[in-house]
Amino acid sequence: MLVILGFAMIAVFMVLIMTKKLTPVLALIIVPTVFGLFAGAGLGIGDMVMDSMKSMTSTAALLMFAIIYFGLMIDVGLFDPLVKFILRKLGNDPAKVVLGTAILAAAVSLDGDGSTTFILTTAAMLPVYLRLKMSPVVLTCVAGLANGTMNILPWGGPTARAATALKIDVNDVFVPMIPSLVAGLVVVFAFAWLLGLQERNRLRATAPEIWSVPDTAEKFDGTSDGGTPAAASGTGRGRKGGNPGGAAPAGGSVAVLERTETLVDDHDSAMADTALDPNRSTLRPKLFWFNLALTVAVMVVLVANIIPLPFVFMVGAAIALLVNFPKVKDQGAQLIAHAPSIVAVVSMVMAAAVLTGVLKGTGMVEAMSAWLVQIIPSSMGPFMAVITGILSIPMTFFMSNDAFYFGVLPVLSETAAHYGVGAADMARASITGQPFHLQSPLVPAILLLVSLAKVDLGDHHKKVLWRTAVISLVMLGVGLLTGAIGIG
């Protein structure tokens, strides 16, 4: 009964948020409560939830003050020069912007912390997406894909957990999986490029005031022969289609996007009344270098992990507010301005405690794990590593990494040993589900990502889940081909 209730609860939750019948916060509260009562939790369900919520308070504080800090930095204009720089380097082609997002997220993911990755990626790229009228869901999707794939790094957590649980060296787990990691990143970049192409096609139709489609196979680079910025066709001053001779190049015509002056104009009227309004009253150009130094200091302390992260952002936000907005009235206004984002993410973190509390307190997680182990037929024993890799995709989505690697993996590994499948093979297979795991609503970092980007979790899941499943399967398949994951 617990197994049926557990799987049904997860299924109902996912359906409700993806069909937008309930907001994620309400679904996280109502669905587990109903199923927990059916599971016989009774009045004890309150204690289950409160015990789970205690572990969430530091996460909620981290997300709350991180939102205040980076929201403030966007308001004062710290990232405006970065937006212009990215636009100049990536141009106005959405395919390049999305691919750049994937590369940035993968690079920042080297520090092994999802929250840091999403904070930096969103801070750098969200203004670009808004300026170019691109969908923020694409940003969260690509950032989630890249970070999830990089999460198998030894210092990221899951690999160390798998090695510890099975008492083997972490390098023995990770090094043979490097080809799988590379293959996963290749798929991530391919998905990013395809998503960018989709955005390019969408913007041609929906944002004609910014995007134009010249009939040329040559990309307009925004400069004339002499290096002077050229305007879009229609202004009468640029080269039509970017072809110096004005003639269409041989080989047919391919529609591409063309840069317009509005993309690099500080007083772009298209961004009026938005977070990137070049005339917003919150801009503090004279404090740019102070804000930059403060942000670098916060990032250094964050990566060094010498002080608890929530306190780092508490102090950073307090200093930023005090220096940029000395008047108490302005400080209050800034806090109120970011209140909607704060309420959205903190309420979701607290609500997630209901789901985790019910799963653990009622024994659903243990029952579901034991059932999955029992239903594996003995004839499939030699393929236990492959089975573990496949199971890691859904199981790490609805349970924590600790629960899976310390509770489920040892049981699966002990069973596999009877069929000649080594512990190292099992550990390597078990980490291939991490791209999918990172999209779970039980992972605080993903809640931070969708909140910072102001994206609905259900919309994020629609776009990202099947892609992460593909990446996980590719990593598993490459592991089999290279011999990193063996068959008994």
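Numbering of residues begins from 1 in every chain and follows the order in which that chain's sequence is written. Predicted model: local features are reported for residues with pLDDT of at least 70 only, side-chain atom pairs are reported and counted for 80 or more only, and whole-chain, interface and lining totals are derived from all residues. The side-chain numbers reported here are obtained from all heavy atoms of the structure, hydrogens and water having been left aside.

Visitor: An account of the overall build of the protein chain is requested, with residue identities and associated values reported.
Guide: Summing up its helical and strand segments, the protein chain has 22 helices and zero strands in all. Exposure categories follow from relative accessible area, calculated using a 1.4 Å probe and restricted to protein chains: below 20% of the type maximum is buried, above 50% is exposed, and the middle band is partly exposed. Residues counted as buried form 54% of the 488 residues belonging to the protein chain. Every accessible area reported is derived by Shrake-Rupley at a probe size of 1.4 Å, with residue values counting cover from the shown protein chains alone. When the accessible surface of the protein chain is summed, it comes to about 20,200 Å², and 68% of that surface belongs to carbon and sulfur atoms. Secondary structure elements are defined from DSSP: runs of H or I of at least 4 residues count as helices, runs of E of at least 2 residues count as strands, and each element is numbered from the N terminus.

Visitor: Tell me about the confidence of the model for the protein chain, and name the residues and values.
Guide: pLDDT: the predictor's confidence for each residue, scored from 0 to 100. Summing up the model confidence of the protein chain, the mean pLDDT is 78 and the portion of residues at 70 or higher is 82%. Per-residue pLDDT, averaged within each element of the protein chain, yields its smallest value for helix H5 (residues 80-90) (71) and its largest for helix H8 (residues 136-150) (94). It only takes one pair of heavy atoms within 4.5 Å for two residues to be counted as in contact. Note on residues 213-274: pLDDT is under 50 here. Beyond four places in sequence and across chains, it has 104 contacts.

Visitor: Pulling in residues and values, what's your account of the pattern of salt bridges?
Guide: Each reported salt bridge corresponds to a side-chain nitrogen of Lys or Arg within 4 Å of a carboxyl oxygen of Asp or Glu. Enumeration over the complete set of coordinates arrives at four salt bridges. Ionic pairing is found between Lys54 and Asp51, a salt bridge with its closest N-O pair at 4.0 Å. Of this pair, Lys54 and Asp51 both sit in helix H3 (residues 45-54), three residues apart, which is roughly one turn of the helix. Arg200 is paired through a salt bridge with Asp93; the nearest N and O atoms lie 2.4 Å apart. Of the two residues, Arg200 is situated in helix H11 (residues 178-206) and Asp93 in the loop between H5 and helix H6 (94-108); the sequence distance between them amounts to 107 residues. Taking relative accessible area as the criterion, Arg200 reaches 13% and is therefore assigned buried.

Visitor: So, helix H19 (residues 423-430): which residues are in play, and what are the values?
Guide: Across the eight residues of H19, seven count as buried, placing the element largely inside the fold. Along H19, the residues classified as buried are Ala424, Asp425, Met426, Ala427, Arg428, Ala429 and Ser430.

Visitor: If you had to explain the packing of helix H17 (residues 384-398) against H19 to someone new, which residues and values would you point to?
Guide: Helix axes are fitted to C-alpha atoms over the stretch in contact, other axes to C-alpha atoms as well, and angles between N-to-C directions run from 0 to 180 degrees. Packing of H17 against H19 leaves a shortest axis separation of 8 Å and a crossing angle of 25°. Taken as axis vectors, H17 and H19 run roughly parallel relative to one another. In terms of crossing hand, the pair formed by H17 and H19 is right-handed. On the side of H17, the interface is formed by Met384, Ala385, Thr388, Gly389 and Ser392, while H19 contributes Asp425, Met426, Ala429 and Ser430. Residue composition of the contact of H17 with H19, grouped by class: four nonpolar, four polar and one charged. Any angle that is under 35 degrees is reported as roughly parallel, and any over 145 degrees as roughly antiparallel; angles of 65 to 115 degrees are reported as roughly perpendicular and all others as oblique. Helix crossings get a hand from a simple test, with the near helix turned counterclockwise from the far one by less than a right angle marking a left-handed crossing and a clockwise turn marking a right-handed one. For this classification, Asp, Glu, Lys and Arg are treated as charged, while Ala, Val, Leu, Ile, Met, Phe, Trp, Tyr, Cys and Pro are nonpolar and the rest, including Gly, are polar.

Visitor: Please give an account of helix H21 (residues 444-452) that cites residues and values.
Guide: Extensive coverage of H21 is indicated by the burial of eight of its nine residues. Among all positions in H21, only Ala445, Ile446, Leu447, Leu448, Leu449, Val450, Ser451 and Leu452 are buried. Lining the buried residues of H21 we find helix H4 (57-75), helix H7 (114-131), H8, helix H15 (339-361) and helix H22 (457-482).

Visitor: A description of the nonpolar core should follow, citing residues and the corresponding values.
Guide: Definition used in this section: a nonpolar core is a set of buried Ala, Val, Leu, Ile, Met, Phe, Trp, Tyr and Cys residues joined via side-chain atoms within 4.5 Å. Counting 140 residues, the largest nonpolar core has Tyr69, Phe313 and Met426 as its most contacted members. If sequence neighbours within four positions are ignored, Tyr69 has contacts with Asn291, Leu294, Thr295, Val298, Phe313, Gly316, Ala317 and Ala320.

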